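Structural overview for review
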Amino acid sequence: MLRQFVTLHTRALFAPTQRRGSVVRLLHASRPVAADLNKEIEAITDLATTAKDEMDFAEESRNSVYYNDDKMAAHDAVEEMTTAYNSLLARLSAADRNAIESRIGMRIKEIQSAYEIMTLNDLED
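No experiment lies behind these values; they were computed from the predicted model shown. (Residues numbered from 1 in each chain as written. Predicted model: local features only at pLDDT ≥ 70, side-chain atom pairs only at ≥ 80, totals over all residues. Heavy atoms only, no water.)

All right, on to the pattern of salt bridges then. On inspection of all chains with the given rule, the structure shows 5 salt bridges. Linking Glu-40 and Arg-91 is a salt bridge whose minimum nitrogen-to-oxygen distance equals 2.4 Å. Residue Glu-40 is located in helix H3 (residues 34–60), and its partner Arg-91 is located in the loop between helix H4 (67–90) and helix H5 (94–124); the two are separated by 51 residues in the primary sequence. Residue class for Glu-40 comes out partly exposed when judged on its relative accessible area of 23%. (Salt bridge = Lys/Arg side-chain N within 4 Å of Asp/Glu carboxyl O. Helix = DSSP H or I, 4+ residues; strand = E, 2+ residues; numbered from the N terminus. Buried < 20%, exposed > 50% of the residue type's maximum accessible area, 1.4 Å probe, protein only.)

As a packed pair, H3 and H4 sit with axes 8 Å apart at the nearest point and diverge in direction by 160 degrees. As far as their axial angle goes, H4 and H3 are roughly antiparallel. As for how H3 packs across H4, the hand of that crossing is left-handed. On the side of H3, the interface is formed by Leu-37, Glu-40, Ile-41, Ile-44, Leu-47, Ala-48, Thr-50, Ala-51, Glu-54, Met-55, Phe-57 and Ala-58, while H4 contributes Tyr-67, Asp-70, Lys-71, Ala-73, Ala-74, Ala-77, Val-78, Glu-80, Met-81, Ala-84, Tyr-85 and Leu-88. Across the contact of H3 with H4, the residue classes break down as 18 nonpolar, 1 polar and 5 charged. (Axes fitted to C-alpha atoms, helices over the stretch in contact; angles between N-to-C directions. Parallel < 35°, antiparallel > 145°, perpendicular 65-115°, else oblique. Left-handed = near helix turned anticlockwise from the far one by under 90°. Contact = heavy atoms within 4.5 Å. Nonpolar A, V, L, I, M, F, W, Y, C, P; charged D, E, K, R; others polar.)

The first and last C-alpha atoms of H3 sit 39 Å apart over 27 residues, in line with the 39 Å expected at 1.5 Å per residue. Restricting attention to buried positions, one finds in H3 the residues Ala-34, Leu-37, Ile-41, Ile-44, Leu-47, Ala-48, Ala-51, Met-55 and Ala-58. (Expected span 1.5 Å × (residues − 1).)

Here we come to H5. In an α-helix, one turn spans 3.6 residues; hence positions three or four apart end up facing the same way. Within H5, the axis deviates most sharply at Ile-104, by approximately 55 degrees. Three or more residues of H5 are buried, namely Asp-96, Ile-100, Ile-104, Gly-105, Ile-108, Ile-111, Tyr-115 and Met-118. Turning to H5, the residues buried within the fold contact H3 and H4. (Bend = angle between axes of the 7 residues up to and from the residue.)

Right, dumping it as structure tokens:
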């Protein structure tokens, strides 16, 4: 599917000007360009790494004066990651959405679950 998209996009770039403009507008209107999509996935992956790191910092500082600040930073990082991920999914077709969910969805859910467990552990303490 991606190969067909890139081939079509390449043909559109080298086609006569009149045709190129309409095809490119159609491609941009229907879904993000593959390179842009990969950049967004990379950004979400970076946000996931940051969220995981913040949660690790919070766990390491449990029972210290730094814990509340570290936990708030973890919360903010998880929220930012979740917002970016959901925003991307909302703009994609069902087929692309399924591909993205299979590519990074499990990691996103693992981080969200780990944060929820960390929060539940606070309620028990």
